[in-house]
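Per-entry structural report
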Amino acid sequence: MTPIQTVRPIYRVIRRVRLRMVAMAVANRVVLMLALGLITSTATVAGIRSGLVSANGWQAIPWILGAASVFGVIWGLSIRISDLIAAKWIDDANLFADRLGNAISFATVTAPTPFMVAAIHDAINRLPTANPAVAAPWKRPRHLWTLALAAGAFASLAALRPPLEHREGNGFFTATLSPPPKELKAKLLPGEEQELTQTIEALRAQLEDQTNQHDLSETQKLLAELKELLEEIRAGKTNPEDAMLRLEDLERRFDKWTNEEGQKLDEIKEKLRLAAEKMKEDTKALEQLKNALDQGDLKAAAEALKKMADPKLTQREKERQKKELERLANALKDEKTRQMEQLKSEIDRLQKKEEQNRLSSREQDRLAKKKKELAQLQKEKEQNAKTNAEKQLERLTKTLDQAASEQQRNQGDEQNGEEQSAIDRAAEEMRRLSDAEQQKQTMRRMQRKMGAAKDLAKRSSMKQRGGTQGENGASQNGGQQLGQDAQQEQDSDRLGQTKRRRLEEFMARSGSKPFKGNGGGHNGEKKPAMMDGIPGNGAKTAMGSDPGDSQGQQAGGQGEGSQAGSEPDHRDPLGETTGLDSKRQDTFVAGQKTKGPSRSETIFGAAGEGFAGTSYKTVYHDYESVIEEDMLREQIPAGHRRYIERYFDIIGPQRDQ
Amino acid sequence: MGTVQQQVEEFKRDYTLIQNEVRKVIVGQQDVLDGVMAGMLGGGHCLLEGVPGLGKTKMVHALAESLDLSFSRIQFTPDLMPSDIIGTNMIVEDQQGRKHFEFQPGPVFGNILLADEINRATPKTQSALLEAMQEGHVTVAKRQHQIDRPFFVLATQNPLEMEGTYPLPEAQLDRFLFKLRVPFPTRAELHAIVTRTTHGGEATIQPVVGKARIFAMIALAAECEAAPHIVDTAIQIIEATHPEHQTAPPISKKYIRFGASPRGGQAIIRTAKVLALRAGRYAIADQDVYDVVKPALRHRIILNFEGEAENIDRDLILDEIVDVIRKKKRI
């Protein structure tokens, strides 16, 4: 019998042990993978709960767990356990002192020595006492506790609150995991409903005010939707999540509209500024108009236009004004309008000729062509949707044109009531543009309010999910504050004058220069928050409320500076708004108790912090020769020489130095 | 000569006989005795390190007596000359009255040589002994003189005294198969020592194994098998003592300057074979290797400055290396 045949019983035992080892490896890995899968699933459920993941995420969970199990099985089966390793396990467990491992190793030798043969027989003789169960005992998978914890976490999170959206037809998982929706009204707590309603009501009121003032068709739509949402919340027909989603949509549309309007307004201001550059300052009113347009102060420009309608003006002054108004109107016209005007005058000229029967056939063709072009241009102009600001500019240009032409018509006429009316209308249009400028800023603040309302709805939604009511008071207060702020926005213009007066009084008391502005409203604290223009820490200034009112007496948060009122004056005497990044948080750094550095670390540390400019290797070799010379010269006891040499040997440079 | 099984059984029996005989006069020190016998039957020399009075000389003396081998002892001193150890040519007169030089062998010509306090002699004298240990002969006046086999040197050194000592350089330490540390006896052992040595009338040791049998035991130990995967364990350990080697554990990288030489691997396998035969096995096991790592390698690794400064025990490093290798082999 060859050695290989002899050791077959050993291989049988090894196979049995290996099977157990693989089974254990599979179990271990499956448990580990399942634990990881459950952790991922728990994260997914948490994502669904927080709204970061859609409710469809439920469908992914069975797939995650299934894939984890399959991967665990494949991973476990993929491990390779060699015969020697398995034999080692048997030898160690049965105290065989590597007999089986040696035997299977010697069995492969072609010419075994007597010792090898004896070793193989020795192993065979021991084999009956080998117990595979001892060699590879069945143990509880190592990560079973992790799996149990992960399963517990998953189950509690899944059972905490059912999925928010019950979508029918999403498969049996959704059907089984998602209970039917509950009564929406029941989800809203009284405080939260009041809070949300208050915030949206404030928004609605503000939007309505803006819409009434400025004929804003887009804001009318937004207003209608906001009203509808408010009514639904009051009637309990919607829940905070739906409210949040709808507010998000409104906010997006509002943003788009506001940005477009704001951009156009900036373009118009630039256009007015460029147009003003071409004007001559022949009269005082013209000079004022030019300066105002140059500075982008549309309100002042409107005032200057009003002054042009002064009946005390001389005929010469009126003539100059007429020219400049024409110039201004022409400069404001866009290319298409100019083209259309040219076409109209050409058509008028040709039509007059036609009436006189003096139109040649060529001119008739030309007239038809011009009419066609004009129609085309008008069609294009109608098709191009214009923003509110553009419409206002168009009206302004038109009224300026009319004012110029009427002034020409009424030259020498003392009864210039019509001319005054056109100028007044032009001034009114300019004032509207100025209002639009203010409105742009108001709209931006409304944008923030809308975002705050959305956040409030989101918080309400999350709070209800978690079932916690601890934040109720805080968020309610925040909501009330939002509502009050929104209300204050409405009153800001009215109250600006009062605040300015108070501020001027304060500045006068403090010895600073009086504030030049038209209504940056800052409510008062009980004591001044600023001295000599330096903003005080911890004092909050709210927007446009009366000094000493209930909001104004609230203690402010740290670092919250003042905000500008409705006036676009940047020279705010209370200083720039403090950025949020100014907030500081103290961090406590805990030390760690250790034994301290070892001797060698101390020695190396000192060396490492030195300022040596020469490498240790170089220095060492220089000194090594000196040491040898000294040892020869000095009378060192023979027994000590060895230690001296050894000392210098061990402090010698390492190979890597 | 019988079968391998019989030879191994005889080896076990004789080994036990020798040990039992030595145990008549030596209390405790089982590991040291096993180490000395493993070194001796592995065909090498041993260095015993321990404070005075622990019975080092007594153990060696008892071993020599039980083996029925000639025993010499040299007390090393700074003024000891090489000729005092290896012998010298002397003028002698023959029967006819003619005078001629005749080699007078020194104490090195014995089967078991106890080099007591070897670090007290000068390096020159140490070198003379070490040449004899390595080559198995001495050269005097251009003539080689073979030392009788078996030849075992059991050197002792005192770790406490520094004054007037010449510690063996690492290169010469490498020639010792084993470096054994003689520990202080336990309370029970101390009790037995005191009682036994103060009773009056010391036990006499009888020779139980002859020279021929010793030769046979050494030869059998050399024949014992070492499977490739077990030899690989020894090699992995040697590699792990080299800080620059990729398998070296962090402790090696931190404290070792130079690792063990290939002689260390040879020492491990040779002595592990003795342990296997002593246990009645025909091939060595991993555990045999682990058991001999410390005596075989502790004098073959050189610590770096950090290791010396921290006064790191070499055994600590070797223990950690063995742990690392043991875990690696189980996976």
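Structural notes, computed from the coordinates. Here, residues in each chain are numbered from 1, in the same order as that chain's written sequence. Whichever chain is written first is A, and whichever ligand is written first is 1; the rest continue in order. Two thresholds apply to this predicted model, a pLDDT of at least 70 for residue-level local features and 80 or more for giving and counting side-chain atom pairs, whereas whole-chain, interface and lining totals are computed over all residues.

**Quick word on the overall build of chain A**
The criterion, for reference: Numbered from the N terminus, helices here are DSSP runs of H or I no shorter than four residues, and strands are runs of E no shorter than two. Labels follow a simple rule on C-beta atoms placed from the backbone: if 20 or more others lie within 10 Å of a residue's own, it is buried; if 12 or fewer, it is exposed; otherwise it is partly exposed. This entry defines residue contacts through backbone-placed C-beta atoms, with two residues in contact when those atoms are within 7 Å.
Secondary structure summary: chain A contains 24 helices and 2 strands in total. Residue burial in chain A is summarised as follows: out of 657 residues, 30% are buried. Here the contacts in chain A between residues at least 6 apart in sequence split such that 69% fall between residues at least 24 apart.

**Overview of the overall build of chain B**
The helix and strand inventory of chain B stands at 14 helices and 11 strands. In chain B, buried positions account for 44% of the 331 residues. Looking at chain B alone, contacts between residues at least 24 apart form 77% of all its contacts between residues at least 6 apart.

**Here we look at the nonpolar core**
For clarity, the cut-off: We define a nonpolar core as a collection of buried residues of the types Ala, Val, Leu, Ile, Met, Phe, Trp, Tyr and Cys that are connected via C-beta atoms lying within 7 Å of each other.
Residues Ile90, Ala103 and Ala119 of chain A together with Leu154 and Val293 of chain B are the most contacted members of the largest nonpolar core, which totals 118 residues. Counting residues per element, this core draws most heavily on helix 11 (residues 262–278) of chain B, which supplies 8 residues. In this structure, Ile90 of chain A is in contact with Val13, Ile14, Val17, Phe96, Leu100, Ala130 and Ala135 of chain A, ignoring residues within four places of it in sequence. Ile268, Leu286, Ala301 and Leu396 of chain A belong to the second-largest nonpolar core, a separate cluster that totals 31 residues.

**A closer look at the packing of helix 2 (residues 8–50) of chain A against helix 8 (residues 144–160) of chain A**
Residue and element names in this part refer to chain A. Our working rule: Only the stretch in contact is used when a helix axis is fitted, and all axes are lines through C-alpha atoms; the angle between N-to-C directions ranges over 0 to 180 degrees. An angle below 35 degrees is treated as roughly parallel, one above 145 as roughly antiparallel, one from 65 to 115 as roughly perpendicular, and anything else as oblique. Crossing handedness is defined as follows: a turn of the near helix away from the far one that is anticlockwise and smaller than a right angle gives a left-handed crossing, while the clockwise case is right-handed. Note on residue classes: Ala, Val, Leu, Ile, Met, Phe, Trp, Tyr, Cys and Pro are nonpolar, Asp, Glu, Lys and Arg are charged, and everything else, Gly too, is polar.
Put simply, helix 2 and helix 8 touch, their axes get as near as 8 Å, and they point 20° apart. One finds that helix 2 runs roughly parallel with respect to helix 8. The chirality of how helix 2 crosses helix 8 is left-handed. Where helix 2 abuts helix 8, its residues Val31, Leu34, Ala35, Leu38, Ile39, Ser41, Thr42, Val45 and Ala46 lie against Leu144, Thr146, Leu147, Ala150, Ala151, Ala153, Phe154, Leu157 and Ala158. In terms of residue class, the contact of helix 2 with helix 8 is built from 15 nonpolar, 3 polar and no charged.

**Section: the interface of chain B and chain A**
Of the residues lining the interface, 30 residues belong to chain B; the matching set on chain A comes to 25 residues. Elements with a contribution of two residues or more to the side of chain B that touches chain A: helix 1 (4–22), helix 9 (228–240), helix 12 (286–297), helix 13 (305–309) and helix 14 (314–330) of chain B. Here the element with the most residues in the side of chain B that touches chain A is helix 13 of chain B; it accounts for 4 residues. Residue composition of the side of chain B that touches chain A, grouped by class: 14 nonpolar, 6 polar and 10 charged.

**Regarding the sheet that holds strand 5 (residues 112–116) of chain B**
Residue and element names in this part refer to chain B. Here is the rule: For two strands to pair, DSSP has to find at least two bridges joining them.
Pairing within the open sheet is parallel, and its 5 strands lie in the order 2-5-8-1-9. Since the sheet does not close on itself, it has two edges, and those belong to strand 2 (71–75) and strand 9 (178–181), each with one partner. Taking the axes of each pair of neighbouring strands and ignoring which way they run, one obtains an average angle of 20° across the sheet. With 5 bridges connecting them, strand 2 and strand 5 associate as parallel partners. Looking at strand 5, one finds that Ser72 is bridged to Leu113. Across the sheet, helix 2 (residues 30–41) touches strand 1 (46–49), strand 8 (152–157) and strand 9, and the angle it forms with strand 9 is around 170°. Relative to strand 5, helix 3 (residues 56–67) is tilted by about 170°, and along the sheet it contacts strand 1, strand 2, strand 5 and strand 8.

**So, the environment of Gln339 of chain A**
Residue and element names in this part refer to chain A. You can see Gln339 is positioned in helix 17 (residues 335–355). The class of Gln339 is partly exposed, set by 14 C-beta atoms lying within 10 Å. Gln339 sits 38 residues away from Leu377 along the chain, and the two C-alpha atoms are 8.5 Å apart.

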